[in-house]
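Fold and geometry: a report
Residues per chain, in single letters:
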Amino acid sequence: MSESSPAATPPASPVVLDVWCELQCPDCRTALDDLRALRARYGERLEVRLRHFPLEKHKHAFAAAQAAEEAAVQGQGWPYVEAVLGRVEKLDREGEPFLVEVAAELGLDAEEFDTALIDGRHILIVDADQAEGKAIGVTGTPTYVIGGERLDGGTSQEGLRERVEEIADRLLASGRES
């Protein structure tokens, strides 16, 4: 990629959508349809980044965030997140064994998942996301941040996808003009 002619126009940077999410949160499960639609509409022009914001009221949320990081390391971040969010009730009931079970279902190294949950290798990433979220005013999940605007989906998802699309379209249009 470093070989480009001087006349070549560098590809536009994608618009970044940070999604502050918690994998034991039913509202985040509801938001999956919007995230799928946004990824389908924008493709590589929109970078959807999962940001962790485990809530204290959900006892398996912190472990689930660490497991999602391990899934990302193993190349299946979003498929893992979607699989866990699709069954939040089972996560509520079964906890960490369920997180390892989902990894195995996706063909990931389940033993490595179990080890990652025990040794806490992803704790710092989860802690950093949570601290950053608190610093910018995230109080619940899902919360979206795009173009410097924070949109709270924890109270209502209604109209949020449209608002994200408006901001993304504006940012993409301004990026093309420069």
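Parameters at a glance
- Position numbers for residues start from 1 in each chain and track the written sequence from start to end.
- Predicted model: local features are reported for residues with pLDDT of at least 70 only, side-chain atom pairs are reported and counted for 80 or more only, and whole-chain, interface and lining totals are derived from all residues.
- In computing side-chain values, all of the structure's heavy atoms are included and hydrogens and water are not.
- Starting at the N terminus, helices and strands are each numbered in turn, a helix being any DSSP run of H or I of at least four residues and a strand any DSSP run of E of at least two.
- Radius of gyration means the value over C-alpha atoms here, while the globule rule gives 2.2 Å times the residue count to the 0.38 power.
- Relative accessibility decides the category of a residue: with a 1.4 Å probe and only protein chains considered, values under 20% of the type maximum give buried, values over 50% give exposed, and everything between is partly exposed.
- Residues count as neighbours in contact if any of their non-hydrogen atoms are within 4.5 Å of one another.
- Where accessible areas are quoted, they stem from the Shrake-Rupley method and a 1.4 Å probe; at the residue level, only the protein chains shown are allowed to cover.
- Buried residues of nine kinds, namely Ala, Val, Leu, Ile, Met, Phe, Trp, Tyr and Cys, make up a nonpolar core once their side-chain atoms join them within 4.5 Å.
- What makes a salt bridge here is a side-chain nitrogen of Lys or Arg within 4 Å of a carboxyl oxygen of Asp or Glu, nothing more.
- For two strands to be treated as a pair, DSSP must find no fewer than two bridges joining them.

Topic: the overall build of the protein
- Counting its regular elements, the protein contains eight helices and four strands.
- Element order for the protein, N to C, with α for helix and β for strand: β-α-β-α-α-α-α-α-α-β-β-α.
- What you see for the protein is a C-alpha radius of gyration of 17 Å, in line with the 16 Å of a compact globule of 178 residues.
- Its C-alpha atoms give the protein principal-axis dimensions of roughly 55 × 40 × 30 Å.
- Out of the 178 residues belonging to the protein, those deemed buried represent 45%.
- For the protein, contacts bridging at least 24 residues in sequence account for 68% of all contacts bridging at least 6.
- Here the protein has roughly 9,400 Å² of accessible surface; of this, 51% comes from carbon and sulfur atoms.

Some words on unusual backbone geometry
- The omega torsion across threonine 141 and proline 142 is -5°, close enough to zero to call that bond cis.
- Structurally, the position occupied by proline 142 is in the loop between helix 7 (123-135) and strand 3 (143-146).

A few points about the nonpolar core
- Of all hydrophobic cores here, the largest spans 44 residues; its most connected members are Leu17, Tyr80, Leu99 and Ile146.
- For this core, the element with the most residues is helix 1 (residues 26-42), which contributes six residues.
- Those residues within four positions of leucine 17 in sequence are excluded, and the remaining contacts are Leu35, Leu38, Leu46, Glu47, Val48, Arg49, Tyr144, Val145, Ile146 and Val164.
- Among the nonpolar cores identified, the runner-up in size contains five residues, and Trp20, Phe53, Leu55 and Val145 belong to it.

Observations regarding the pattern of salt bridges
- Using the criterion set out here, one finds 20 salt bridges in the structure.
- Ionic pairing is found between arginine 51 and aspartate 18, a salt bridge with its closest N-O pair at 3.4 Å. Note that arginine 51 is positioned in strand 2 (residues 46-52) and aspartate 18 in strand 1 (residues 15-21), a separation of 33 residues in sequence. Across this residue pair, the class does not change: arginine 51 and aspartate 18 are buried.
- Of the charged contacts in the structure, one is a salt bridge between glutamate 105 and arginine 87, with a shortest N-O distance of 2.7 Å. Taken as a pair, glutamate 105 in helix 5 (residues 96-105) and arginine 87 in the loop between helix 3 (77-85) and helix 4 (88-94) lie far apart in primary sequence, 18 residues in all.

Here's the deal with the pairing of strand 3
- Here strand 3 shows a buried face lined by Thr143 and Val145 and a second buried face lined by Tyr144 and Ile146.
- Inspection of the sheet shows strand 1 paired to strand 3 by four bridges, in the antiparallel sense. Paired with valine 19 across the two strands is tyrosine 144, which belongs to strand 3.
- Sheet topology places strand 3 next to strand 4 (residues 149-152); four bridges connect them, and they run antiparallel. Within the sheet, the bridge partner assigned to valine 145 lies in strand 4 and is arginine 150.
- Linking strand 3 back to strand 4 in an antiparallel pair, the connection comprises two residues, with glycine 147 at a positive phi of about 60°.

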